[in-house]
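Analysis of the macromolecular model
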Amino acid sequence: MSGADLWHLLFGKLSADALPFYSAIAATAAGVVVCGALGAALLITWLGRWRYLWREWFTSLDHKKIGIMYVVLSLVMLARAVVEACMMRMQQAVAFDSAGFLPPDHFAQLFTTHGTIMIFFMAMPFLTGLINFVMPLQIGARDVSFPMMNSVSLGLTTAGAGLMMVSLVLGKFSTGGWSGYPPYTELGFNPGVGPDYWIWAVTLSSLGSTLTGINFAVTIYKRRAPGMTLFRMPLFCWTALCASILMIFAMPPLTVATALLACDRYLGMHFFTNSLGGNMMNFANLFWLFGHPEVYILILPPFGVWSEVIANFSAKYLYGYRSLVYATMAIAVLSFTVWVHHFFTMGQSADVNAAFGIATMLIGIPTGVKIYDWMLTLFRGRVRFTVPMLYALAFLLLFPLGGLTGILLANPAVDYQVHNTLFLVAHFHNMLIPGLLFGMLAGYHYWFPKAFGFRLDEVWGRIAFALWVAGFVLAFMPLYALGLMAMPRRTDAFFEAAYLPYTLVAAFGALLILAALVSLCVQVWVSVRRRRETEVFAGDPWNGRTLEWATSSPPPDYNFAVLPQVEGRDAFWLMKQDGRAYRTPDRYEDIEVPRNSAMGPVVGMAGAAAGFALVWHIGWLAIIGVLTMGGALIARSFVRHTTRTIAADEVRRIEARWRDAVAASPGVTRDDETTPANRGHAAMEVA
């Protein structure tokens, strides 16, 4: 066996050519990733926190810690995606009648990684993390139905995100866009490893999301507290339920599509090729059969956040609760009837396009119901302009603009003209930034005190809010005009002078968005340093209405010492009115909680290794990775002691400490809830 054969056996297609020295920008990005990873590892080693992280976080099956880890992963990936977006906008700003600073191939990698990260590794982990943390608390449960599945889902998602980061260091990523359309991503057109990175990162993410959907749906159906009927659940739980059902039915088509594309690339099959019976429209239908429900997987949980934030900071019952529930259900059902509008330009008959255009317009009706219900909740409410409420108001102003442009695009004739222009990019971001990202940031600010026991700094929160809103408006509103002027999307250079002023404004807006992200980091730094001044251990800093505020901040491992008895909507609000909120129970009992397990991290690391091996055709490593994943599952089936018991005396001690803190904290009014006087004990006021 020659040296070359031995190298191929051990390392597959991996060689020195995979290093990112094809451009200074790529090498710098790789250096940032490597230095960041090494710096984090060295810092943890210097602090001696590896054992702590492994025992308290990485192997934890506590839904709250898993939710927090999802959000941390999301924010890390958001940082990369925002930087890439800024690079694309800067390239377009300087590329009038010139090549700019990004080669076309590198620009194509950027718009592919940006879209893939924002959908699969920023948005999905963020909303999954919020649901993970909040939903079991809101329904009065002690954990999700399948804690181990929860950890495995996190491991698979993290593995996919890891492949995305490795692609910056070894090889190049796909240039086929976040939708990965063949035949461009077929082996004949794109023989590099980029599409393979995309396939396995997305596949790992979709598998994790499918398991997550099953877990959340079963939890909501089976683990609600006594008295919590479906129509007593908070709106956030309703949106989580509908989004979970969409995950269960929408993620498998994506997994099938990526698996078939992998068969084409690895096994010489012809599902989506240009010849020998292949048909790329099958991929388009499979992908968008996932893709449009995915849009509502992304948008429904933020709708739940808006319902909680607007009701709480208006000090009112949510207006039109049942209509909001029915509107959520209608959106979930209709989301499966509109996927063809994503390829109106691909040659369907006029009848087919008309049917899907009408179905697309119908979704505007339940969405409009929600907007009006939220506005009527604000009407004559005692509105407090906290940071989450500011994001809600920005959403109410900006999101309908994106909805209106969506109605325009639902017309096949209009869509045919602007589909491949920046008008579509503006519409898509007009929906997802005010709708999704602002919603996730509002939820992050709203529930941060519950997760960590102290409030985020209000001043830096307002600075970040102003930068996000201004950056969004300046970065994306000019794209509507550019689209109507026929500037193509995904273009790295242009020769039409009329485009230049708009691209310059958009680039400035992208820089403001980058500044907004930096402001969020500064806010966390300032908040951690001042955490003693903003501590809210008593647990109710916002005069909350739902059950998550009926515990200490952060909540204990078991969430509730005694499962709450729910007697109506806004259960905690009713408890406070009736004087039952902080009543000491007659007796405590032992409580069982899930015991830590390494299965989730092991499956995640093995999945990442298998994905990396498949990208580079390292057969032995792929086999080891797949066998390790299966072996971990089999080994787990032999584990008998899967829970640990928190003794009743320990529960009594934890609960006594919390109730003592409540008694020692002065009741704070709504007017003072953003001041140091707020220690987490809200004074009961008339709504």
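Below you will find a few notes about this structure. What you see is a predicted model; the values in this text were computed from it and never measured.

Bringing the pattern of salt bridges into the picture now. Summed over the entire model, instances satisfying the criterion amount to 19 salt bridges. For E84, the salt bridge is made with R80, and the minimal N-O distance between the two is 2.9 Å. Here R80 and E84 lie together in helix α4 (residues 63–94), a separation of four residues that amounts to about one turn. Judged by relative accessible area, R80 falls into the buried class, the value being 10%. Close ionic contact of K576 with D540 constitutes a salt bridge, the shortest N to O distance being 3.0 Å.

We now examine the pairing of strand β1 (residues 591–594). Of the two faces of β1, the one lined by I591 and V593 is fully buried and the one lined by E592 and P594 carries no buried residue. Judged from the four bridges that link them, β1 and strand β2 (residues 643–646) form a sheet pairing that is antiparallel. Its bridge partner lying in β2, P594 is registered against T643.

Looking now at the packing of aromatic side chains. Scanning the model with the defined rule gives 40 aromatic pairs in all. Ring geometry for Y197 and W616: centres 6.4 Å apart, planes at 85°, overall edge-to-face. Taken together, the residues Y197 in helix α7 (residues 194–222) and W616 in helix α19 (residues 599–616) connect sequence positions 419 residues apart. The exposure classification of Y197 matches that of W616, with both residues buried. Ring geometry for F283 against F287: centres 6.0 Å apart, planes inclined by 15°, an arrangement best described as stacked. Of this pair, F283 and F287 both sit in helix α9 (residues 280–314), four residues apart, roughly one helical turn. Its relative accessible area of 0% is what places F287 among the buried residues. The ring centre of Y22 lies 4.3 Å from the NZ or CZ of K172, which sits over that ring. Sitting above the plane of the Y317 ring, R545 keeps its charged end 4.9 Å from the centroid.

Cut-offs applied
Residues numbered from 1 in each chain as written. Predicted model: local features only at pLDDT ≥ 70, side-chain atom pairs only at ≥ 80, totals over all residues. Heavy atoms only, no water. Salt bridge = Lys/Arg side-chain N within 4 Å of Asp/Glu carboxyl O. Helix = DSSP H or I, 4+ residues; strand = E, 2+ residues; numbered from the N terminus. Buried < 20%, exposed > 50% of the residue type's maximum accessible area, 1.4 Å probe, protein only. Pairing = 2+ DSSP bridges. Phe/Tyr/Trp six-rings, centres within 6.5 Å; stacked < 30°, edge-to-face > 60°. Lys NZ or Arg CZ within 6 Å of the ring centre and 35° of its normal.

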